Amino acid sequence: MVTQSSVFVPSLLLAAGAFVSFLIGRRLIPQLIFLAAVGFLATGRRYRWLYILYKTLPRDLTAIFRFAKVTILLWWFENRNMTVPQVFTKLVKKHPNKVAFKHSTRQWTFAEVEEFSNRIAHYFKSVGMKRGETVALFMDSKPEYVCIWLGLSKLGVVTALINSNLRQSPLIHSIKVANTRAIIVGSELAKEFEVVRGELSDMPVYQFSPKDVEAQLSTGAISLSAAIMSSSSIPLDLSECAARDKMLYIYTSGTTGLPKAAVITNLRFMFLSVGVHYMLNVQNDDILYTPLPLYHTAGGMVGVGQVLLFGCTMAIRTKFSASNFWADCVTFKCTVAQYIGEMCRYLLSVPSRPEERQHDVRLMFGNGLRPQIWESFVTRFGIKQIGEFYGATEGNSNLVNINSTVGAVGFVPRYAGPIYPVALIRIDENSGEPIRGNNGLCIRCSPGEPGVFVGKINPKKAISNFSGYADRAATEKKIVYDVFTRGDQVFNSGDILVMDEFGYFYFKDRTGDTFRWRGENVATSEVEAVVSNVAGLKDAVVYGVEVPNVEGRAGMAAVLDTDGTLNLVSLARGVQDHLPSYARPLFIRVLLELEMTGTYKLKKKDLQLEGFNPNKIKDSLYFLSGGQYIPLTLKLYDDIVCGRVRL
């Protein structure tokens, strides 16, 4: 029922507001602030909105100021058609003798990185590589890794950063899908590459060995180390390259299938690097520690970008070591460090040692730090700020947590939709498809309601652009049309998030068949193909299962074995030969029958829900231990669940 007071009070507020508005006059910003306040007071939920505004205003003002700096610098880069090599060259002139990279016992100055990358550029120019062509880089993390792709980018040549864990079919696919013209292989991976050499016989292979390493050349390979010694180190003309040119391919498993080559333009590289730099208040004199692989977005783009675009120093460790993490930070005098969620759990599991409180690290940024260990992590290691961020390598929907709110992957002010157009939309849990209303458009999620995270695509803006993949069909699958208005399009992250009333976002799950383990996305279709082949073409389904107090989902394969011929020894050997460690199924379930859908698709939802509990499952269960699949007994199950067996 409408009462006299329910009409009178808002009317009085609006009348008073009109009078004060007249007194303010034509000053735009004060008018907007005042009218917004009046609007809130005149609505039914005015008090809750005022409380939310009170709680979030300091955070939002800080974010707006920092985001403005991001936007201005990106505009500056784009307006002047700047590329990453051009920005880096300016930094070299500014401080040539400053240390750019630290690795093991060696340091690289900015001038040395510039000279080495110039030699790479001149050499590949001499052998006919041209702007827009692609070279694959298959190498472990080290300063030369960055120097090589930086040198190629000076020619406008695109470098495909191949995951160094890949073997056989996925490795061949990753090289071919990017239309690669040549391959650079680190001597440390020469044996692994030799296995697939026959499938890539039409491509020239360049093998690189650091100065302090003597390595035998692979069959038919050219020594890149020797070739560039006689190459010029003088600067090149960088004016032919453009800000929107492709610079890198970084691989992502997406939601299904083999790895996809995500397009990284100069502007995309700049956006993520600049965004983290300003939003997390990274300083130009910071020393950044990264034990993350340089073929990934976090280490190879966001981390390296602090060096190439801002002049920071980066300390690189080739392989992550929990026992050496804090000792490295002390040795290299690091002030900022990178992480992924699993890394944080490993660091907590290491016995306490003095270095973990002797370091100068004030900020750690990355993704995947579980809320359950967040506070214990920062308390034990004395970290002042955690910069958790979210975003797909190829996507345009990115978030960052600038105030260390526990568990949040970032936030967007509730009133900032028009400025930063990301949102959660409802989807069908079974199909993963967006749910549409009577008007045919998608439905936004309310606070507290999980939904798929999307970002509106605007090709004219570096922040909102979606460059997609090398494969056009894969690109099209990630775009949803007619979402909020007719004719618009958004990037579908494939991730389920939930937003609270203060605008904080929290990661919930992934749509599709991909699951995350050891900081990597595992595409189940890829693993299913390997398991089926090494098991004698038996039907198999692969899925991720939750293990208590462990980040991500462990791989599990259900294999159909109606005739009892499954050889677990061969299966264990096969998955280790053909799959990287993070993609190998830790659990095997041997089935006598496997239910299919009406369209002949194997059902896995129920299997995933049943997990690996031998108390509830009658089928034979096995666990990968010491390179073998051993029976999953009740005692072993209890040891895994209680954390006595380390996964």
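Please read all numbers here as calculations on a predicted model, not as lab measurements.

In terms of regular secondary structure, the chain is built from 19 helices and 28 strands. Looking at the chain as a whole, 55% of its 647 residues qualify as buried. Intrachain contacts of the chain at a sequence separation of at least 6 include 69% that bridge at least 24 residues. Surface accessibility of the chain: about 29400 Å² in total, with carbon and sulfur atoms responsible for 54%.

Our next topic: the packing of helix H4 (residues 84-94) against helix H10 (residues 266-279). Close contact between H4 and H10 brings their axes to 9 Å; oriented N to C, the two are set at 55°. By the angle between their axes, H4 is oblique relative to H10. Of H10, the residues touching H4 (which contributes Val84, Pro85 and Val87) are Asn266, Phe269 and Met270. Classifying every residue of the contact of H4 with H10 by side-chain character gives five nonpolar, one polar and no charged.

With 10 of 11 residues buried, strand E20 (residues 489-499) lies mostly within the body of the structure. Where strand E18 (residues 451-456) meets E20, five bridges bridge the pair, whose relative direction is antiparallel. Looking at the pairing, Val454 lines up with Asn492 of E20. Sheet topology places strand E19 (residues 479-481) next to E20; three bridges connect them, and they run antiparallel. Counted as the bridge partner of Tyr481 is Gln489 from E20. Two strands pair when backbone bridges link them, and E20 and strand E21 (residues 504-510) are joined in this way by five bridges, in the antiparallel orientation. Paired with Val498 across the two strands is Tyr506, which belongs to E21. Hairpin remark: E20 followed by E21, antiparallel, with four residues in the connecting loop; positive phi at Gly503, about 90°.

Bringing the pattern of salt bridges into the picture now. Taken as a whole and judged by the stated rule, the model has 19 salt bridges. The salt bridge partner of Arg181 is Glu133, with a shortest N-O separation of 2.5 Å. Of this pair, Arg181 sits in strand E5 (residues 180-186) while Glu133 sits in the loop between helix H5 (110-126) and strand E3 (134-138), and the two are 48 residues apart along the sequence. Between Glu610 and Arg589 there is a salt bridge, with its nearest N and O atoms 2.6 Å apart. Of this pair, Glu610 sits in helix H18 (residues 605-610) while Arg589 sits in strand E26 (residues 587-591); the two residues are 21 residues apart in sequence, bridging distant segments of the chain. Three or more residues are tied together by salt bridges with common partners; here these are Lys538, Asp561 and Asp563.

Taken over all residues, the pLDDT of the chain has a mean of 88, while the share at 70 or more is 89%. Note that pLDDT drops below 50 for residues 1-14; the model gives that stretch eight contacts with residues more than four away or on any other chain.

Let us look at the pairing of E26. Of all five residues making up E26, five are buried, and the element is well covered by its neighbours. On E26, burial covers both faces: Phe587, Arg589 and Leu591 on one face and Ile588 and Val590 on the other are all buried. Here strand E25 (residues 554-560) runs beside E26; their pairing, made up of five bridges, is parallel. The residue bridging Met556 from the neighbouring strand is Phe587, located in E26. Remark: the E25/helix H17 (residues 568-578)/E26 crossover connection has right-handed handedness. Sheet topology note: the E26/strand E27 (residues 620-625) ladder contains four bridges and is antiparallel. Within the sheet, the bridge partner assigned to Phe587 lies in E27 and is Phe623.

Attention now moves to the sheet that holds strand E9 (residues 260-265). Strands sit in the order E7-E6-E5-E3-E4-E8-E9 across an open sheet of seven strands; the sheet is mixed. Unpaired on one side and paired on the other, strand E7 (222-223) and E9 mark the two borders of the sheet. Both strand E6 (residues 205-208) and E7 contribute to a ladder of two bridges, which runs parallel. Considered in E7, the bridge of Gln207 is made with Ser223. Strands strand E8 (246-252) and E9 of the sheet are contacted by H10, whose axis makes an angle of about 80° with E9.

Glancing now at the nonpolar core. Ranked by size, the top nonpolar core spans 97 residues in total, and within it Phe124, Ile148, Trp149, Ile184, Leu224, Phe269 and Leu308 carry the most contacts. The element best represented in this core is H10, accounting for eight residues. When residues no more than four places from it in sequence are discounted, the contact partners of Phe269 are Val84, Trp149, Met247, Leu248, Ile264, Gly300, Met301, Val304, Gly305, Leu308 and Leu309. Counting residues in each nonpolar core, the second largest holds 70 residues, with Ala221, Val531, Ile617 and Tyr622 among its members.

Inspection of every chain in the model, using the stated rule, returns 24 aromatic pairs. Consider the rings of Phe320 and Phe325, whose centres lie 6.4 Å apart with planes at 65°: the pair is edge-to-face. Overall, Phe320 belongs to the partly exposed group, its relative accessible area being 27%. The class of Phe325 is buried, set by a relative accessible area of 0%. For the pair Phe466 and Tyr469, a centre-to-centre distance of 6.4 Å together with 85° between the ring planes defines the contact as edge-to-face. Residue Phe466 shares its accessibility class with Tyr469, and that shared class is buried. An aromatic cluster of at least three residues, connected via ring pairs, comprises Tyr289, Phe320, Phe325, Trp326, Tyr346, Phe377 and Phe381.

Pairing is mixed across the open sheet formed by five strands, whose spatial order is E24-E25-E26-E27-E28. Each edge of the sheet is formed by a strand with only one pairing partner; in this case those strands are strand E24 (540-545) and strand E28 (628-631). Neighbour to neighbour, the strand axes of the sheet diverge by 30° on average, direction disregarded. Packed on one face of the sheet, H17 meets E26, E27 and E28 and runs near 135° to E28.

Glancing now at empty space enclosed by the protein. One pass over the full model with this rule turns up four cavities of 30 Å³ or more. Size it by volume and the largest cavity reaches roughly 50 Å³. The wall of the largest cavity is formed by 10 residues, among which Trp49, Ile52, Thr56, Arg414 and Tyr415 lie closest to the centre. With six residues, the single largest contributor to the lining of the largest cavity is helix H3 (residues 46-79).

Within the fold, Asp495 resides in strand E20. The buried category is assigned to Asp495, whose relative accessible area is 5%. Among the polar contacts listed, one links the side chain of Asp495 to the side chain of Tyr390, at a separation of 2.7 Å. When sequence neighbours within four positions are dropped, the list of residues in contact with Asp495 reads Tyr390, Gly451, Val452, Phe453, Phe507, Asp509, Arg510 and Thr511.

What counts, and where the lines are drawn
Residues numbered from 1 in each chain as written. Predicted model: local features only at pLDDT ≥ 70, side-chain atom pairs only at ≥ 80, totals over all residues. Heavy atoms only, no water. Helix = DSSP H or I, 4+ residues; strand = E, 2+ residues; numbered from the N terminus. Buried < 20%, exposed > 50% of the residue type's maximum accessible area, 1.4 Å probe, protein only. Contact = heavy atoms within 4.5 Å. Areas by Shrake-Rupley, 256 points an atom, 1.4 Å probe, with all protein chains shown as cover. Axes fitted to C-alpha atoms, helices over the stretch in contact; angles between N-to-C directions. Parallel < 35°, antiparallel > 145°, perpendicular 65-115°, else oblique. Nonpolar A, V, L, I, M, F, W, Y, C, P; charged D, E, K, R; others polar. Pairing = 2+ DSSP bridges. Salt bridge = Lys/Arg side-chain N within 4 Å of Asp/Glu carboxyl O. pLDDT = per-residue confidence, 0-100. Right-handed = clockwise from strand over helix to strand, strands pointing away. Core = buried A, V, L, I, M, F, W, Y, C linked by side-chain atoms within 4.5 Å. Phe/Tyr/Trp six-rings, centres within 6.5 Å; stacked < 30°, edge-to-face > 60°. 1 Å grid on protein atoms, 1.4 Å probe; cavity = no way out; pocket = protein on both sides within 12 Å on 5 of 7 lines; lining within 4 Å. Points joined across faces, edges and corners; volume = space filled by probe spheres on them. Polar contact = N/O pair within 3.5 Å; in protein donor to acceptor, adjacent residues only side chain to side chain.

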